[in-house]
Amino acid sequence: GGGFITQGCDPFAQTQRSKLQHRRARINQQINKEMRMRAGAENLFKATSNHKVKETVALELSYVNSNLQLLKEELEELNSCVDGILFCSCANVTSCVPMIPLGLKETKEMDLMAPLKVTVCVTFFPPLSQAMRTPSRNEAGLELLMEYYNQLYFLDNRFFPPNKNLGIFFHWYDSLTGVPSHQRALAFEKGSVLFNIGALHTQIGARQDRTTLQGVDRAIDAFQKAAGAFNYLKENFSNAPSLDMSTASLNMLVRLMIAQVQECVFEKVTLTSAQNDFFTQLQIAQEAARVEEVYSLVHQTMTQAHVKDYVPFSWATMVHVKSEHFKALSHYYAAVALCDSVSEADFPEHEKAFVQFHVTMPEGPSLRLVLQDPEERRKLGKAHLKKAIMRHEEAMRIHSLCKILRKMDILQEVLSFAHKRSLSKYSEIDHEEDFFETGDASDIHPKTNQRPEIKSPNFSQVKVTDIFHRLGPLSVFSAKNKWCPARRVHLARGENGFGLTLRGDSPVLIAGVIPGGCASEAGLKEGDYIVSVNSEDCKWSKHAEVVQLLKSVREEGVDIGVVTLQSSSGQTVVIHLLALSEPYASTLLAWSKKSKRSKSSTYSLPFTTVGDESMY
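Residues numbered from 1 in each chain as written. Predicted model: local features only at pLDDT ≥ 70, side-chain atom pairs only at ≥ 80, totals over all residues. Heavy atoms only, no water.

Q: Just to check I follow, could you spell out the environment of H358 for this structure?
A: By the secondary structure assignment, H358 is in the loop between α13 (347-355) and α14 (367-372). Classification of H358 by relative accessible area gives buried; the value is 6%. Separated by 2.9 Å, the side chains of H358 and H384 make a polar contact. (Helix = DSSP H or I, 4+ residues; strand = E, 2+ residues; numbered from the N terminus. Buried < 20%, exposed > 50% of the residue type's maximum accessible area, 1.4 Å probe, protein only. Polar contact = N/O pair within 3.5 Å; in protein donor to acceptor, adjacent residues only side chain to side chain.)

Q: Can you help me understand the pattern of salt bridges in this one?
A: Opposite charge on two side chains lets them pair, provided their charged atoms get close. Taken as a whole and judged by the stated rule, the model has 19 salt bridges. Put simply, E263 and K322 hold a salt bridge, and the shortest N to O gap is 2.7 Å. In this pair, E263 is assigned in helix α9 (residues 247-272) and K322 in helix α12 (residues 313-340), connecting sequence segments 59 residues apart. Taken individually, E263 and K322 each receive the classification buried, so the pair is uniform in this respect. Two residues, K382 and D430, come together in a salt bridge whose shortest N-O distance is 2.6 Å. Taken together, the positions of K382 in helix α15 (residues 374-400) and D430 in the loop between α17 (409-429) and β3 (482-483) put the pair 48 residues apart, joining distant regions of the chain. Overall, K382 belongs to the buried group, its relative accessible area being 3%. Given the relative accessible area of 33%, D430 is considered partly exposed. Each of K327, K387, D440 and D443 takes part in one network of salt bridges that share partners. (Salt bridge = Lys/Arg side-chain N within 4 Å of Asp/Glu carboxyl O.)

Q: Which parts of the structure should I look at to understand unusual backbone geometry?
A: Of all residues except glycine, most have a negative phi; of all peptide bonds, most are trans. A cis geometry characterises the amide bond from S506 onward to P507, with omega recorded as -5°. Examined against the element boundaries, P507 turns out to sit in the loop between β5 (500-503) and β6 (508-513). One non-glycine residue, S506, lies in positive phi territory at about 40°. Here S506 shows up in the loop between β5 and β6. On the accessibility criterion, S506 (6% relative accessible area) is buried.

Q: I would appreciate a short explanation of the side chain of S330 in the present structure.
A: By the element assignment, S330 lies in helix α12. In this structure S330 comes out as buried when scored by relative accessible area, which is 3%.

Q: How should the confidence of the model for the chain be read in this particular structure?
A: Close inspection of predicted coordinates is inappropriate for parts of the model with low pLDDT. Averaged over all residues, the pLDDT of the chain equals 78, while 79% of them reach at least 70. Within the chain, the lowest mean pLDDT, 36, falls on strand β10 (residues 609-610), and the highest, 96, falls on helix α8 (residues 213-236). Low pLDDT, under 50, characterises residues 1-6; the predicted model gives this stretch nine contacts beyond four residues in sequence or across chains. Across residues 119-123, where pLDDT falls below 50, the model places 13 contacts with residues more than four positions away in sequence or in other chains. (pLDDT = per-residue confidence, 0-100. Contact = heavy atoms within 4.5 Å.)

Q: Even after reading the chapter, I still don't get α17, so can you show me in this structure?
A: Every α-helix carries 3.6 residues per turn, so stepping three or four residues along brings you back to the same face. Spanning 21 residues, α17 covers 30 Å between terminal C-alpha atoms, matching the ideal 30 Å at 1.5 Å per step. Buried within α17 are the following residues: I410, L411, V414, L415, A418, H419, S422, K425 and I429. The inward-facing, buried residues of α17 abut α12, α15 and α16 (403-406). (Expected span 1.5 Å × (residues − 1).)

Q: What am I meant to see in the side chain of S532 here?
A: If you trace the backbone, S532 turns up in strand β7 (residues 528-533). What makes S532 buried here is its relative accessible area of 12%. Here S532 is in contact with R488, D537, C538, D559, I560 and G561, once residues within four sequence places are set aside.

This is the structure we're talking about:
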């Protein structure tokens, strides 16, 4: 019954988030109003040649732009409160940079009772739909969202006919701006739930303790699954009315998740490696360069025309900070490899590893000479450290431009720690008598030993029972079929039986009616489906079971409930076919797979048998 209502649901989170949601929506309305005013003022400024008018408009424009900036900052502050925190991090400041999780999309309550007029819906579906609005931020919450998504398959096939609108609006708020959107298509509901599955994976990933190997692996898995959910959404759903589900936004989110996976891979390498080995230091440097490369790509994506006005400034800034931070780390680890980790016995192997380490060959002596000469190694190491310090300082400068990031002590500490470490190393290898000008070190060639995967959602992982099971087999009682209203027929047995032929299972079909026989006189027709016998539900009954019910009929006859399939287009919902039988478990393998109807069967009966049909 109601087990799924509490499992994976956190209803207490709803009140506070609803208040935040209303404030976000109000600010967005004000922003839209200011944007319209700015567009009008800009057009007037371009059109007029009157200097006095131009001055007045210019003053108005500066006022509007100032208002817009304040509103955007207020919205940014609110966005940082939705779902608790905008960025999540673990405790160890020396290695863990905070990650970017997504807030979940909010939705309004949905009333299916009026448009569908189906009591089974009222009994089971709303509690699941309500619980889905407040999933807990853990695996149980994910399971709840997956269960609801899988139930939408049954809802879609039962009640939403192809090419026909039922007038049900699905309301969702944009996850980042809070702007409300609605659409009649059930696909919007499916897509929004799928978006929330991805968003919940990001929150689970961002909350892992990445100072442990187990925590890093869990974070990698969560961000890869988030990338898979957003990618699946991008490839299978289109024309969503909200910006967070546009192709450009989803593409950005997939790239962001992949970058966060790559960052976790870097952390995994630093956790599992010996810190003083030459090859290890080169590997860590190249892993850091790979992280910088993917974050640079994310930053480019976030600053594109269709995305930059929509993505939070704190996100774009964080991604930019990370690209600079990891570039600095790649140069730092290159310097450590050169200055601390070279042993003469391993020169041939070192040279081989070093050949493809830089993007372009460093100027000056050959690599062999650099590796063999401690002074040349020190010079090149110093050049790498100089570049590392410059990039650290750039990361700290960019970080200081964002009010929200400035409030994050953990990020400040990570950047400061890395900067001081590079300065300390530089002081250690710097000699007072150095009169040469430190050269410009070449960038490190990006390389990774673990490429991120995009893990598509596994819908079969969560087995569900069809909530609408009592309506009968989905292959027959679905939205693609149109039914005549149910009829109740009283049928008596004559000297030659009932005068009809039955075929198939679940439900049993009346395949033929003998002219002038009892069935014909009662009004039964070829093509009718038997859905009840003496008020006993038969929609799921096997051929033999219906036969047994008919055989046990006494002289007063039997009441048979039948429906007739009209055509393959449109649908009349079979409301009156509901019975009070217990739902029967039906496992959903994947939302796109269709059920298969049972084959017709032949039974040995004391009546005439024609082919696979039984005659009464």
